[in-house]
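Read off the chains here:
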Amino acid sequence: LATIREEIAQIRNEGQARGLAIRVFNAIRSTSSEDMVSHLDVLYPWLTGLCQSSDPGMRRIAFITLGELCFRCPQAQERVGCDRDFVSHVMNDILNDSNLRDDALRLLNNAAGNFATHSTLLEQAPSIVNLFDDVSPTVKGCIVTFVNVLAYNGECRATLLDAGVLRLLITSIQSHDPLLWPTDAAIAIANLVDRDHPAMHEVRDNHVIELLTDALDSTIRDEPFPAGSHEFYTDWKLMMGISKLAANVQNREILKHHKIHRTIKRALSRIRNRNTTYYALKTIWYLDENIPND
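Summary of the structure given here. (Residues numbered from 1 in each chain as written. Predicted model: local features only at pLDDT ≥ 70, side-chain atom pairs only at ≥ 80, totals over all residues. Heavy atoms only, no water.)

### Notes on the layout of surface pockets
Taken as a whole, the largest pocket holds about 1,100 Å³ of empty space. Secondary-structure elements contributing two or more residues to the lining of the largest pocket are α5 (56-72), α8 (101-111), α11 (137-151), α14 (182-192) and α17 (235-246). Counting residues per element, the lining of the largest pocket draws most heavily on α5, at 7 residues. Taken together, the residues of the lining of the largest pocket sort by class into 18 nonpolar, 10 polar and 8 charged. Each pocket or cavity is described by its volume, and for the second largest pocket that value is around 280 Å³. Around the second largest pocket sit 16 residues that line it, and Ile173, His176, Pro182, Thr183 and Leu211 are the ones nearest its centre. Secondary-structure elements contributing two or more residues to the lining of the second largest pocket are α13 (165-175) and α14. (1 Å grid on protein atoms, 1.4 Å probe; cavity = no way out; pocket = protein on both sides within 12 Å on 5 of 7 lines; lining within 4 Å. Points joined across faces, edges and corners; volume = space filled by probe spheres on them. Helix = DSSP H or I, 4+ residues; strand = E, 2+ residues; numbered from the N terminus. Nonpolar A, V, L, I, M, F, W, Y, C, P; charged D, E, K, R; others polar.)

### Topic: the packing of helix α7 (residues 84-96) against α8
At a minimum axis distance of 8 Å, the contact between α7 and α8 shows a crossing angle of 145°. Remark: the crossing between α7 and α8 carries left-handed chirality. Facing Phe86, Val87, Val90, Met91, Asp93, Ile94, Leu95 and Asn96 of α7, the residues of α8 in contact are Arg101, Ala104, Leu105, Leu107 and Leu108. Across the contact of α7 with α8, the residue classes break down as 10 nonpolar, 1 polar and 2 charged. (Axes fitted to C-alpha atoms, helices over the stretch in contact; angles between N-to-C directions. Left-handed = near helix turned anticlockwise from the far one by under 90°. Contact = heavy atoms within 4.5 Å.)

### Some remarks on helix α16 (residues 208-220)
Between its terminal C-alpha atoms α16 stretches 18 Å, which fits the 18 Å expected from 13 residues at 1.5 Å a residue. For α16, the buried fraction is high: 12 of the 13 residues fall into the buried class. All buried positions along α16 are accounted for by Val208, Ile209, Glu210, Leu211, Leu212, Thr213, Ala215, Leu216, Asp217, Ser218, Thr219 and Ile220. Buried residues along α16 sit in contact with α13, α14, α15 (200-205), α17, α18 (249-257) and α19 (260-269). Downstream of α16 by a residue or two, Asp222 has a phi angle that is positive, lying close to 60°. (Expected span 1.5 Å × (residues − 1). Buried < 20%, exposed > 50% of the residue type's maximum accessible area, 1.4 Å probe, protein only.)

### So, the environment of Ala17
By the element assignment, Ala17 lies in helix α2 (residues 14-28). By relative accessible area, which is 4% here, Ala17 ends up buried. Taking the C-alpha atoms as reference, Ala17 lies 39 Å from Leu168; in sequence the two are 151 residues apart. Ignoring anything within four residues of it in the chain, the contact list for Ala17 reads Ile11, Trp46, Leu50 and Met58.

### Looking at the nonpolar core
If you look at the biggest cluster of nonpolar residues, it comprises 101 residues, and the most contacted ones within it are Trp46, Leu69, Ile143, Leu160, Leu169, Ile189 and Leu212. Discounting residues that sit within four places of it in the chain, Leu160 has contacts with Leu122, Ala125, Val147, Leu150, Ala151, Val165 and Leu192. (Core = buried A, V, L, I, M, F, W, Y, C linked by side-chain atoms within 4.5 Å.)

### Some thoughts on the environment of Thr283
Mapped onto the elements, Thr283 comes out in helix α20 (residues 274-286). According to the relative accessible area criterion, Thr283 is buried, its value standing at 0%. For Thr283 and Thr120, which are 163 residues apart along the polypeptide, the C-alpha to C-alpha distance reads 33 Å. Not counting chain neighbours up to four residues away, the residues in contact with Thr283 comprise Met239, Ile242, Ser243, Ala246 and Ile264.

### Re the state of the cysteines
All told, the structure shown has 0 disulfides when counted by the stated rule. We note that Cys51 lacks a disulfide partner, and the nearest cysteine sulfur, in Cys70, lies 9.4 Å from it. Not engaged in a disulfide, the cysteine Cys156 finds its nearest cysteine sulfur in Cys82; these two sulfurs lie 12 Å apart. The exposure class assigned to Cys156 is buried, which follows from its relative accessible area of 2%. (Disulfide = S-S within 2.5 Å.)

### Considering the pattern of salt bridges
Applying the stated criterion to the full structure yields 14 salt bridges. As a salt-bridge pair, Arg106 and Asp102 come within 2.6 Å of each other at their nearest N and O atoms. Residue Arg106 and its partner Asp102 are both found in helix α8; the two are separated by 4 residues, about one turn of the helix. Given a relative accessible area of 39%, Arg106 falls into the partly exposed group. A salt bridge links Lys256 to Glu253; its shortest N-O distance comes to 3.6 Å. With Lys256 and Glu253 both in helix α18, this residue pair falls 3 residues apart, about one helical turn. (Salt bridge = Lys/Arg side-chain N within 4 Å of Asp/Glu carboxyl O.)

What follows is the structure in structure tokens.
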């Protein structure tokens, strides 16, 4: 990146910029997050400028490269996700260019990894959710993951629910289509409708609890979920979703029937981080049938 930094200043045309953007993408994948931070002052304005090129092909390369930078660098996430003017430009391509929509949305998904970006990105949630019925399965999946990331933040949940995300999350789960990320949808629902939310019956009717417990069981075994896929989940995030659902009395028998105690025992015997332990113990506490709804 240090060498590329010098070359950026010498670019004279978009052909050179295109080739250099591809080299930047490859360099990012082999550079530590700490090293990337020292180059953000050059990379950020250059890449965001390319994202606004009149050439759709150039914009696509820039979206992919900047998205990779965000994926690997929290400081880049904050720069992108808190830049309202730039987010508005990205949204223009998400809403109006079906060829760029996928890569532009992935960029915002990666920026959403930093909670500092959520207030800005949440403003775009209703527009993104409204796209769901009219886009490809791949873009539907990007929308589901976007909602899932924001749903971890308690301050985002009311706005997401008002935007109608439950319907698209249920659609994702019912599809059984890996492209629509049904497990991510289940995690999002667990975060959005905990306790006695009116939509909790939809959680039970659509087997969200079973989906999460199956995903956790595979994850604890270091196996992909669904079986045969290449998707691996984070055990504490699944355990957190299950603990939220266990706060509801009616969900506890479903969890017990789906052998959640066995899965928790396995999880506690292979402690990976304290979050997994915390949510596992919290779930066990809820499973005491004498405890009322939280």
